[in-house]
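# Observations on the model geometry
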Amino acid sequence: MTMLQRFAGQIPIFKNKPFTRFARKAGLDDPTLCEAIANAERGLIDADLGGGVIKQRIARPGEGKSGGFRAMILYRRTTRAVLFTVSRKMKGQTLRKTS
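Bear in mind the structure is a predicted one, so any value in this text is a computation, not a measurement. (Residues numbered from 1 in each chain as written. Predicted model: local features only at pLDDT ≥ 70, side-chain atom pairs only at ≥ 80, totals over all residues. Heavy atoms only, no water.)

Our next topic: the overall build of the protein chain. Of regular secondary structure, the protein chain possesses 2 helices and 6 strands. Reading the protein chain from its N terminus to its C terminus gives the helix and strand order β-β-α-α-β-β-β-β. Classification of the 99 residues of the protein chain by burial places 35% in the buried group. Within the protein chain, counting contacts between residues at least 6 apart in sequence, those at least 24 apart form 45% of the total. (Helix = DSSP H or I, 4+ residues; strand = E, 2+ residues; numbered from the N terminus. Buried < 20%, exposed > 50% of the residue type's maximum accessible area, 1.4 Å probe, protein only. Contact = heavy atoms within 4.5 Å.)

With that settled, the discussion passes to a positive patch on the surface. Together, Lys17, Arg21, Arg24 and Lys25 give the surface a local cluster of positive charge. Along the chain, Arg24 turns up in helix α1 (residues 17–26). (Patch = residues over 30% accessible without salt bridge, like charges linked within 9 Å, V, L, I, M, F, W, Y side chains within 5 Å. Areas by Shrake-Rupley, 256 points an atom, 1.4 Å probe, with all protein chains shown as cover. Salt bridge = Lys/Arg side-chain N within 4 Å of Asp/Glu carboxyl O. Lys, Arg positive; Asp, Glu negative; His and termini not counted. Charge placed at Lys NZ, Arg CZ, Asp CG, Glu CD.)

Have a look at this one:
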């Protein structure tokens with residue numbers, strides 16, 4: 001488990017090894033990931049899947065969120081966030097609670 005660099009007033013953010021590997025290959029830097037968590041702290045959560053799991057969309061570098069990535073995050077408001085899985089968003093793809 002790796003801790004991201006903390007910015008002023010931000011909660012601790014961790015990412016596991018597979019997430020770190022994927023993010024590095026996809027060009028997702030720590031400030032972009034921290035922005036996704038900052039959005040969640042402001043209440044801008046794309047989907048609350050229950051049990052402390054949220055889905056956030058993350059924009060690809062140089063593109064928008066619609067063609068970006070989906071990240072599943074173990075999230076507890078004002079306490080911590082653990083980025084544990086990420087995937088490319090593909091046209092027509094949907095995620096359900098059973099996925």
